[in-house]
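# Architecture at a glance
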Amino acid sequence: MFKRIALFLSVCLVPLLSFAVDNKPFVGQISAADLLNDYQQFSSEYNNFVSTVADTQAMQTLKGKDILVLFGTWCHDSQREVPRLLKLLDSSKVALASLKLVAVGYDKRDPEGIAARYQLKYSPTIIVLTAGEELGRLVEKPKASIASDLSQFN
């Protein structure tokens with residue numbers, strides 16, 4: 001009887017424990033390359049997204065600006081929008097002042113407190129800044145397109 005109980009517990013608990021460990025979200029700053037290399041959902045969306053000529057041109061309005069992306073590796077909106085943003089940045093070759101990707105946990109916090117400083121409520125949130133001043137933000141998903149929405153922040 002003891003062997004059956006032990007077998008039952010091992011069959012039930014081991015998968016649950018591995019599920020909990022494997023699905024722990026990444027939290028903190030991450031490079032675009034590491035995000036795309038380490039998270040299949042992000043790399044798949046990046047590879048499948050095709051930007052338009054109009055979107056590629058609209059991205060040029062971001063020249064010289066800083067972009068801060070607050071997102072969750074666990075968030076389906078982030079898994080869709082962040083790779084699209086990265087693909088647009090790559091295809092447009094826009095010269096940003098900086099790009100900072102900050103992953104947050106389920107509680108929408110990060111170790112450096114960046115999400116709290118920018119009052120993150122929903123993910124992803126893409127913030128366009130110049131000289132430390134926020135020009136605008138795209139929250140969760142674009143109204144028209146990422147490029148079109150971001151190009152409005154001048």
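You'll find the structure just up there.
Here's a quick rundown of the structure. Quantities reported herein were computed from a predicted structural model and do not represent experimental measurements.

## A closer look at helix 5 (residues 76-92)
Compared with an ideal rise of 1.5 Å per residue, which puts 17 residues at 24 Å, helix 5 spans 25 Å between its outermost C-alpha atoms and is within 8% of the ideal. Of all 17 residues in helix 5, 12 are buried, a share of seventy percent or more. All of the buried residues along helix 5 are D77, S78, Q79, E81, V82, P83, L85, L86, K87, L88, L89 and S92. After helix 5 finishes, the residue K93 shows a positive phi value of roughly 55°.

## Quick notes on the side chain of K87
Mapping K87 onto the fold places it in helix 5. Within the buried set, K87 has no salt-bridge partner at all; the shortest N-O distance to an opposite charge, 7.9 Å, is to D90. Leaving out residues up to four positions away in the same chain, K87 has contacts with Y46, N47 and F49.

## Considerations on the pairing of strand 4 (residues 125-130)
The buried fraction of strand 4 amounts to 5 of the 6 residues, a majority that puts the element mostly inside the structure. The sheet contact formed by strand 2 (residues 66-71) and strand 4 spans 5 bridges and is antiparallel. Its bridge partner lying in strand 4, V69 is registered against I126. In terms of strand pairing, strand 4 meets strand 5 (residues 133-139) through 6 bridges, oriented antiparallel. Note on strand 5: the bridge partner recorded for T130 is E133. The antiparallel pairing of strand 4 with strand 5 creates a hairpin that spans 2 residues between the two strands, and A131 there sits at a positive phi of about 50°.

## Points about the nonpolar core
Among the nonpolar cores identified, the biggest contains 27 residues, and L35, V69, F71, L85 and L150 are the most heavily contacted of them. Put simply, the parts of the chain that give this core at least two residues each are helix 2 (32-38), helix 3 (40-48), strand 2, helix 5, strand 3 (98-103), strand 4 and helix 7 (146-151). Take this core: its biggest share by element is 5 residues, from helix 5. Residue contacts for V69: discarding those within four places in its chain leaves V82, L85, L99, K100, L101, V102, T125 and I126. Membership of the second largest hydrophobic core comes to 9 residues, among which are L68, I114, L120 and I127.

## Structural notes on the sheet that holds strand 2
Strand order in this open sheet of 5 strands is 1-3-2-4-5, and the pairing throughout is mixed. With one partner strand each, in any of the chains shown, strand 1 (28-30) and strand 5 form the two edges of the open sheet. Averaged over all pairs of adjacent strands, the angle between strand axes in this sheet comes to 25°, irrespective of strand direction. Pairing of strand 1 with strand 3, which is carried by 3 bridges, proceeds in the antiparallel orientation. Bridge pairing in strand 3 links I30 to L101. Lying on the sheet, helix 5 is in contact with strand 2, strand 3 and strand 4; it crosses strand 2 at an angle near 160°.

Reading the values: the criteria
Residues numbered from 1 in each chain as written. Predicted model: local features only at pLDDT ≥ 70, side-chain atom pairs only at ≥ 80, totals over all residues. Heavy atoms only, no water. Helix = DSSP H or I, 4+ residues; strand = E, 2+ residues; numbered from the N terminus. Expected span 1.5 Å × (residues − 1). Buried < 20%, exposed > 50% of the residue type's maximum accessible area, 1.4 Å probe, protein only. Lys, Arg positive; Asp, Glu negative; His and termini not counted. Salt bridge = Lys/Arg side-chain N within 4 Å of Asp/Glu carboxyl O. Contact = heavy atoms within 4.5 Å. Pairing = 2+ DSSP bridges. Core = buried A, V, L, I, M, F, W, Y, C linked by side-chain atoms within 4.5 Å. Axes fitted to C-alpha atoms, helices over the stretch in contact; angles between N-to-C directions.

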